[in-house]
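# Residue-level structure breakdown
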Amino acid sequence: MAIDVRALNFGYRGDDVLRNVTLYAPAGKFIAILGKNGSGKSTLLKLIAGMLEFRSGSISILGQDITRLHRSQRARLIGYLPQFHTPYFPFTVAEVVLTGRASHVFSVPRRQDREIADRAMTEVGIEGMRNRPYTELSGGERHLVMIARVLAQEPRIVLMDEPLSHLDLHNQSRVLNLIRKLTSAGLTVIAVLHDPNTAFAYADEFIFLKDGSLRIIEAGARPWDQMVLVDVYGTPLETIPYKGKALVMLV
Amino acid sequence: MSITAKELLLYLLPLPLLLGSLFVGPSEVVSSQDVFSWILRSLHISTLHTYDEALVNAVVMDVRLPRVILVFLTGAALTMSGNSMQALFRNPLVSPDILGLSSGAAFGAALALTIPALPLQPTAFACGLAAVGMSYFLAVNRKVVSTVSLILAGVIVSGIFTSGLTLVQFLTDPFKLQTIVHWTMGNLHNASWKKVVSAAPPIILGGIWLYFMRWRMNVLALGDEETMAVGLNPEREKILILVPATLMATASVAVAGVIGMVGLAVPHMVRMMVSPDNRKALPVSCLFGGSFLLVVDDFSRALASFEIPIGIFTTLIGGPFFIYLLKKNVFRFGEE
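What comes next is a walk through the structure. Predicted model, so just to flag it, every value in this text is computed and none were measured. (Residues numbered from 1 in each chain as written. Chains lettered and ligands numbered in written order. Predicted model: local features only at pLDDT ≥ 70, side-chain atom pairs only at ≥ 80, totals over all residues. Heavy atoms only, no water.)

Here we come to the interface of chain A and chain B. Size of an interface: often given as the accessible area lost when the parts come together. Contact residues are listed per partner, giving 33 residues for chain A and 30 residues for chain B. With both sides pooled, the region where chain A packs onto chain B buries about 2,800 Å², and carbon together with sulfur makes up 63% of that total. Our enumeration of links across chain A and chain B arrives at one salt bridge. Put simply, Glu 225 of chain B and Lys 46 of chain A hold a salt bridge, and the shortest N to O gap is 3.1 Å. Inspection of the chain A/chain B interface yields six residue pairs in polar contact (both at pLDDT 80 or more). Elements with a minimum of two residues in the side of chain A that touches chain B: α2 (71-77), β6 (78-81), α3 (93-98) and α5 (139-152) of chain A. In the side of chain A that touches chain B, the residues fall into 19 nonpolar, eight polar and six charged. (Contact = heavy atoms within 4.5 Å. Buried area = accessible area lost by both parts, 1.4 Å probe. Salt bridge = Lys/Arg side-chain N within 4 Å of Asp/Glu carboxyl O. Polar contact = N/O pair within 3.5 Å; in protein donor to acceptor, adjacent residues only side chain to side chain. Helix = DSSP H or I, 4+ residues; strand = E, 2+ residues; numbered from the N terminus. Nonpolar A, V, L, I, M, F, W, Y, C, P; charged D, E, K, R; others polar.)

Nonpolar side chains collect at one region of the surface, where Phe 106 of chain A together with Ile 204, Ile 208, Tyr 211 and Phe 212 of chain B lie side by side and expose about 560 Å² of accessible area between them. One can find Tyr 211 of chain B in helix α9 (residues 193-212). Given the relative accessible area of 38%, Tyr 211 of chain B is considered partly exposed. (Patch = residues over 30% accessible without salt bridge, like charges linked within 9 Å, V, L, I, M, F, W, Y side chains within 5 Å. Areas by Shrake-Rupley, 256 points an atom, 1.4 Å probe, with all protein chains shown as cover. Buried < 20%, exposed > 50% of the residue type's maximum accessible area, 1.4 Å probe, protein only.)

The next subject is the pairing of strand β7 (residues 157-161) of chain A. Residues and elements named next belong to chain A. Counting buried residues along β7, five of its five residues qualify, which places the element largely inside the surrounding structure. Judged by which residues are buried, β7 turns out to be covered on both faces: Ile 157, Leu 159 and Asp 161 on one side and Val 158 and Met 160 on the other are all buried. Of the strand pairs in this sheet, β6 and β7 are connected by four bridges, and their pairing is parallel. Across the sheet, the residue bridging to Ile 78 is Ile 157, located in β7. The pairing of β7 with strand β8 (residues 188-192) spans five bridges and is classified as parallel. Within β8, the residue paired with Leu 159 across the bridge is Ile 190. For the segment spanning β7, helix α6 (residues 169-184) and β8, crossover handedness is right-handed. (Pairing = 2+ DSSP bridges. Right-handed = clockwise from strand over helix to strand, strands pointing away.)

Glancing now at the sheet that holds strand β10 (residues 213-214) of chain A. Residue and element names in this part refer to chain A. The mixed open sheet is built from six strands, whose spatial order is β6-β7-β8-β3-β9-β10. Taken across any chain shown, the strands that pair with only one partner, and hence form the sheet edges, are β6 and β10. Sheet analysis places strand β3 (residues 30-35) next to β8, joined by four bridges and oriented parallel. Bridged to Ala 32 within β8 is Ala 191. Where helix α1 (residues 41-49) meets the sheet, it contacts β3, β6, β7, β8 and β9 (205-210), and its direction lies at approximately 150° from that of β7. (Axes fitted to C-alpha atoms, helices over the stretch in contact; angles between N-to-C directions.)

What follows is the structure in structure tokens.
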């Protein structure tokens, strides 16, 4: 198992954010996390990334308990793509991507690190803007830069918090195809997605969160069943059968 | 990382400036010609001498050389410190002055000048660090530090330490008072080897330390969450940068007084000239910061028959530059 989360509980002060979450993620799969705003999707991602400390339960990554891993060891296994990013200094794209190497670098990155960062830029298809100031990019382009930065980290597992927000359709498909490429290379990708249609088209597995708990799909039901989605999103919607799955429409 | 011609020029800039500054001074007894032939003679190039050997020797070796070195160290320290703090707080508006560090160090140094039992450098460092720490913790609001709250906190902390300084001045005897007042103006006229020896170790130590941290500053400048995501502890990194940056700035305040605007304005000039990449900006901050203050100091020595305190000069230059940056909206002030 790439990720093994058991009986996870988490809360800020008195409020429970996640309750008793247990899930497994096999290696080489693209897993989508779906749910309403505030259902705990981003929190779950941050917990797996080790950026928040949970109250109880356990998380193992590739068989290792994450609380026993040092930050830098963890960063070599897990790459985390934050939701928004505000730039402060006009670093070039290449310099931003290079910072992904931090867990491998003692003082200053070496040539090997720069080559890995270059490869990451090529993989995402942004090598053409390597010398452009990061501050002058559009929100979507910045997002691609941050994705390249995660890849420069060379993780085994990639966690993405809404990787498609701010992206136009062209860039959405670039990112989704890139995720496919990563999973076929054996990486595990977990992404919070807003659009269930995109998730059904691209992801291999689906995790539904509702009010901090997993919404388990009963035996016989499928993730794209109307009943499941109406319950998860708490809003009337209809599903239209499409290519063996379904398309979701608000009504 | 290849070096461009412009960078090479910046790297070599200090050499002619350090040498040239030896010729500058308000002394009417020692002319620059005298200094020139003294240098040639000391290097065994010429034996010609038409000057008072002992006098020129004393002026150059005991007055100008320690001063030039002290000025360079001070400029380098303030600029490197300012550059590091701007990266650390992700805020091009911060500097040792704005965070209250300078007032804290000035208070500490005044205290040490009044109470002989207190050692100058450690007291200035302790008070400077306390001031920066206070500004930072006052500004933290739900783990977020905004530009506005950081600057306001700095204003408050500066105010507290400045009134502390005034209190020290009020309570001290008039003889010491004069020393303290002169020194708070940012004055280098009584530079001596003793001061060089007192300031050089903390400045050089802090400089080497920051040099090793220079790329980490790039990582940290992207944000706390982004730093955590790549496997570094942002709080730990901040302390590892803040301590040497404070060490450098307080060491310079302790010997040279408050030299305003250098720590704020010069790092901007450096970033504009080379790049915001601290791998390049930090070494250039050291060399260009030192050179910048040397030139300003040369003016303050040469413009009038008496010396104008250098702190007045740097603020007069830095002020308009700061306004220019504000108008160009470099700070993205208020757009969070």
